[in-house]
Amino acid sequence: MEEILRPLIVLLGTVAITVTAGLLFDRLLRYSARRRPGNQLPTLLRRVQLPVQVLLGAMALHATYPLAHLDLRQDAMIRTVLATAAIMAAAWGVIRAADAVAENTLRSYARRTQDITRVRQLRTQLGLVRRIVTSVLVVTTAAVVILLLVPSLRTLGTSLLASAGVIGIIAGVAAQSTLSNLIAGLQIAFGDSVKIGDTVVVEGEWGIVEEITLAFLTVRIWDDRRLTMPVSYFNNKPYENWSRGGPQITGTVFLYLDHSTPVPLLREHLQEYLRTRADWDGRAWGLQVTDSTPTNIVVRATMSAADADDVWNLRCAVREEMLDWLGRNHPYALPKISTAITETATDRHLALAGDRGD
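Residues numbered from 1 in each chain as written. Predicted model: local features only at pLDDT ≥ 70, side-chain atom pairs only at ≥ 80, totals over all residues. Heavy atoms only, no water.

Contact geometry for helix α9 (residues 263–275) and helix α10 (residues 308–329): axes closest at 11 Å, N-to-C directions at 135°. Of the possible angle classes, the one that applies to α9 and α10 is oblique. As for the relative orientation of α9 and α10, their crossing is right-handed in sense. Together, Leu265, Leu266, His269, Leu270, Tyr273 and Leu274 of α9 and Leu314, Ala317, Val318, Glu321, Met322, Trp325 and Leu326 of α10 make up the contact between the two elements. Looking at side-chain class alone, the contact of α9 with α10 contains 11 nonpolar, 1 polar and 1 charged residues. (Axes fitted to C-alpha atoms, helices over the stretch in contact; angles between N-to-C directions. Helix = DSSP H or I, 4+ residues; strand = E, 2+ residues; numbered from the N terminus. Parallel < 35°, antiparallel > 145°, perpendicular 65-115°, else oblique. Left-handed = near helix turned anticlockwise from the far one by under 90°. Contact = heavy atoms within 4.5 Å. Nonpolar A, V, L, I, M, F, W, Y, C, P; charged D, E, K, R; others polar.)

In this section: the nonpolar core. In this structure, Leu266, Met303 and Val318 are the most contacted members of the largest nonpolar core, which totals 21 residues. Elements represented by at least two residues in this core include exactly β6 (249–257), α9, β8 (297–305) and α10. Counting residues per element, this core draws most heavily on α10, at 6 residues. Once you skip the residues sitting within four places of it in the chain, Leu266 turns out to touch Leu257, Thr261, Leu287, Val299, Met322, Trp325 and Leu326. (Core = buried A, V, L, I, M, F, W, Y, C linked by side-chain atoms within 4.5 Å. Buried < 20%, exposed > 50% of the residue type's maximum accessible area, 1.4 Å probe, protein only.)

One face of the sheet, then the other: side chains in a regular strand alternate in exactly this way. Covered by surrounding structure in strand β1 (residues 199–202) are Thr199 and Val201 together with Val200 and Val202, the residues of both alternating faces. Bridge count for β1 against strand β2 (residues 205–212) is 4 bridges, and the pairing is antiparallel. Pairing of Val200 across the sheet is with Gly207, part of β2. In this structure, β1 lies alongside strand β5 (residues 240–241), joined through 2 bridges in antiparallel fashion. Residue pairing across strands places Val200 opposite Asn241, the latter belonging to β5. (Pairing = 2+ DSSP bridges.)

What follows covers the sheet that holds β6. Strand pairing in a sheet takes place through backbone hydrogen bonds and is either antiparallel or parallel in direction. As summarised here, the arrangement of the 3 strands in space is β6-β8-β7, forming an open sheet in which the pairing is antiparallel. Every other strand in the sheet has two partners, leaving β6 and β7 (285–292) as the edge strands with one partner each. Across the sheet, the mean angle separating the axes of adjacent strands is 25° when strand polarity is ignored. Direction of pairing for β7 relative to β8: antiparallel, over a ladder of 7 bridges. Its bridge partner being in β8, Gly286 is matched across the sheet by Thr302. Where α9 meets the sheet, its contacts fall on β6, β7 and β8, and the angle it forms with β7 comes to roughly 150°. The strands touched by α10 are β6 and β8; relative to β6, the strand with the most contacts, the crossing angle is about 25°.

Everything listed here is a matter of coordinates, which is why it stays silent on function.
Next comes the structure, spelled out in structure tokens:
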């Protein structure tokens, strides 16, 4: 009977201690969150409760296993599995804790500053650093697990540990592209060329940077398609970043009109119309004749807006309003296609057909 009760008592006691420790950890975090309502870190750290419970349970079972007096032939393997579970739980908890700290840092910084550009830059940096830390922890944990579970594969485990410690020498000729993307990702994270949330024009497509990983960058295009490309692209090729230096932007609208267009009246109407638009920020506007041809003139209207979304809507609205106003008040100003040559050619063709008796 003692051979059954002793292992059962050890197991149930360890589980009870683990559950109690987890509940105490959660209560402590809740108490800290109530004491400091402005600090979100205790609330975010509650996601570490499960890894902590698994870690404490595996460590407690590993420590109390000799008290069970099971004397099994697999004792060494069981203790190795418990140690492996503890290592994996520790890595899991560190990853979740790092995520919580990064998210709390981003939230607190966003509350303290009004500069959205700085917030996007910090978000990009924290995201890439989190991925690097996660990758290193996964490689290190896998190496330690291999060393513990399969002693015959210690050479492989040692190689994985070396790769985690010297991550800059992990690539040879075959991994040259991957290594270049990794370095480019770090340059983007700690540089200021492009950040998550920036409005960019890449390969002729206008969109917003949605995600930056260690290898790829995703741009959400205006029609909700996703354009994915290696991060090294942004270090090797030119692109437009409309958010660099501030979100304000100036848009242009080109109109191709007749030479008789009343440009002063059109300029006056543009100013009146912009005053009625909430998406015009009032910084700048203008209307000029930028070119002329034998058949028409090119009129360029410019208007400023707070960001890329507003300037797109404003450009479309101004283009529509200008054409509608000209059509209602000055229809002669709209471009016309001459039909004189076409009519002459048609009459000549009919005359020739009549002479032939067709």
